[in-house]
Amino acid sequence: LVSATTSTIRQSVSATGTLEPAHRADLSFLVSGTVTSVPVAVGDEVKVGTVLAKVDSAALQTAVTLAQANVTATQDQLTAQKNAGSSAVQLASTVAQLASVQSRLTDAKTALAAASMTSPIAGTVAQVNIATGDKVGSAASSSAQIVVISTTSWVVQASVGSADLPQLKKGLQAEITPTGSTTKIFGTVKTVGIVASSSSGGSASFPVTIAVTGRPKGLYAGGAATVSIIVKQVENVLTVPTNAVHTVNAKTVVYQMVNGAQVSTPVTVGTTYGAVTQILSGLKAGDNVVGTTFRTGGNNSTGG
């Protein structure tokens, strides 16, 4: 015998995914030069603005000095022309020249600042791919010279099939179990992709990003996790095991024991949630029903 019970029913979509830092900075020098210092190593904790590496800045400083001298000279020229009553055409020409040299000064200062690589985020140094004495160029590189990741905020990059996609939306709650852990962590759906990330054998997978709630410990970038995304939750549902519900003579019934005999009780059922079925009428919480029956004869044969 099993009891009809009132509980909270959850419907969920299962997925697998990979833990990734919520914030990641892939950094490379934007100027050419020789690396003069790399004061950080993998595993170091850094703050926003922490200097991660430097290149030789002598040439860049010289460029700033020259650009500043040109700006000063052009400003002096403009002042002299105004005092001398120069024509509007001459003044306009000098003003345009001043704007040009001021722009070059701004560029030179930007390049000088770029000689020091600083962290734009607080986090942990994950990769260091340069060393003192290395030559670096301003051309784009296929790999970052230094990588910094957040280790207190995480996301799970997961994927779901096309059949599950319509049930998902931003903000849904999720339960996450990192591989090798028995402790669940929690999160919310951050984004749901509508363009397939992969497709094989006629089956497509769509990307889903889940933002992990809080700052759980013991997570590692690249670690696997299973995810259960809760798409529906119904409170105070009266249910019995699904295998206790039968159809007899076109009626839906459950069996209760009365004086040692199974007596059919008509019920109205709602939604079936896998192993349990919702009972809308015919039973109340605590009523005992037969979980699996073995009967023979006519329309009453229900199987086990």
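Residues numbered from 1 in each chain as written. Predicted model: local features only at pLDDT ≥ 70, side-chain atom pairs only at ≥ 80, totals over all residues. Heavy atoms only, no water.

Caption draft 1: Region of the structure containing the pairing of strand β20 (residues 268-273). Relative to strand β21 (residues 276-281), β20 runs antiparallel, the two sharing four bridges. Paired with Thr272 across the bridge in β21 is Thr277. Connecting the antiparallel pair β20 and β21 is a turn made up of two residues, with Gly274 showing a positive phi of about 70°. (Pairing = 2+ DSSP bridges. Helix = DSSP H or I, 4+ residues; strand = E, 2+ residues; numbered from the N terminus.)

Caption draft 2: Summary view of the pattern of salt bridges. Inspection of the entire model under this criterion finds four salt bridges. Linked through salt bridges whose partners overlap, the residues forming this network are Arg10, Glu175 and Lys184. (Salt bridge = Lys/Arg side-chain N within 4 Å of Asp/Glu carboxyl O.)

Caption draft 3: Spotlight on the sheet that holds strand β8 (residues 123-128). Pairing is antiparallel in the open sheet, where four strands are placed in the order β3-β10-β8-β5. Of all strands in the sheet, those bounded by a partner on one side alone are β3 (24-27) and β5 (45-46). Note that β8 and strand β10 (residues 146-149) share four bridges and pair antiparallel. Pairing of Thr124 across the sheet is with Ile149, part of β10.

Caption draft 4: Region of interest: the packing of helix α1 (residues 58-83) against helix α2 (residues 88-113). Contact geometry for α1 and α2: axes closest at 8 Å, N-to-C directions at 160°. Considering their axes alone, α1 and α2 lie roughly antiparallel with respect to each other. Remark: the crossing between α1 and α2 carries left-handed chirality. Looking at the contact of α1 with α2, its residues break down into 14 nonpolar, eleven polar and three charged. (Axes fitted to C-alpha atoms, helices over the stretch in contact; angles between N-to-C directions. Parallel < 35°, antiparallel > 145°, perpendicular 65-115°, else oblique. Left-handed = near helix turned anticlockwise from the far one by under 90°. Nonpolar A, V, L, I, M, F, W, Y, C, P; charged D, E, K, R; others polar.)

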